[in-house]
Amino acid sequence: MEGSGRAAAEKRKHSRQSQQEKPYRGIRMRKWGKWVAEIREPNKRSRIWLGSYSSPVAAARAYDTAVFHLRGPSARLNFPECIAPHDDQLRDLSAADIRKKATEVGARVDALQAALHASSAEPTSPSLNQNRVVLFKPDLNEYPTPDSSEEDI
């Protein structure tokens, strides 16, 4: 009986370590520090590669985009508040289209994370704070709308 208790304790310890190493669903960390995301296609053995990212949040957002387009509003998401549920093209996307949408979202989140990290690493002085750009949380699943800066070109 003592051996089975030890095995259960080891399993709990391993699951705690796994949760610490893998903070979000659908992602994993490479040995060299990059975060990757992929998802299995429904009713198939194949996987859709969603990309490699420098932050776990970017990989998780890419995964969320893909799982939402594959499984719809009932999908278990890492960031449910960041998905636009009114998307018209929910289920009729190919694996390539899903990969493209997910990698676009992941790349934008990665860029925002890098910009946020770079701005927080800057020295804080009153003169620099006056010129600092305020970052907001855009809905990365929305298509961009043309703005006035593009019309000037």
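So, a few notes on the structure that sits alongside this text. Keep in mind that what you see is a predicted model, and the values were worked out from it rather than measured. (Residues numbered from 1 in each chain as written. Predicted model: local features only at pLDDT ≥ 70, side-chain atom pairs only at ≥ 80, totals over all residues. Heavy atoms only, no water.)

It is worth spelling out the nonpolar core at this point. In this structure, Ile39 and Leu50 are the most contacted members of the largest nonpolar core, which totals 23 residues. Elements supplying a minimum of two residues to this core: β2 (35-40), β3 (47-53), α2 (56-71) and α3 (95-121). Residue contributions to this core peak at eight residues, all from α2. Not counting chain neighbours up to four residues away, the residues in contact with Leu50 comprise Ala37, Glu38, Ile39, Ala62, Tyr63, Ala66, Arg99, Ala102 and Thr103. (Core = buried A, V, L, I, M, F, W, Y, C linked by side-chain atoms within 4.5 Å. Buried < 20%, exposed > 50% of the residue type's maximum accessible area, 1.4 Å probe, protein only. Helix = DSSP H or I, 4+ residues; strand = E, 2+ residues; numbered from the N terminus. Contact = heavy atoms within 4.5 Å.)

What follows is about the sheet that holds β3. Paired through backbone hydrogen bonds, the strands of a sheet run either parallel or antiparallel to each other. The sheet built from three strands is open, its strands ordered β1-β2-β3 with antiparallel pairing. Sheet topology places β1 (27-29) and β3 at the edges, where each strand pairs with a single neighbour. Neighbour-to-neighbour, the strand axes of this sheet turn through a mean angle of 25°, independent of strand direction. Judged from the six bridges that link them, β2 and β3 form a sheet pairing that is antiparallel. Along β3, the bridge assignment pairs Ala37 with Gly51. (Pairing = 2+ DSSP bridges. Axes fitted to C-alpha atoms, helices over the stretch in contact; angles between N-to-C directions.)

Spatial relationships are all this shows, so hold off on functional conclusions.
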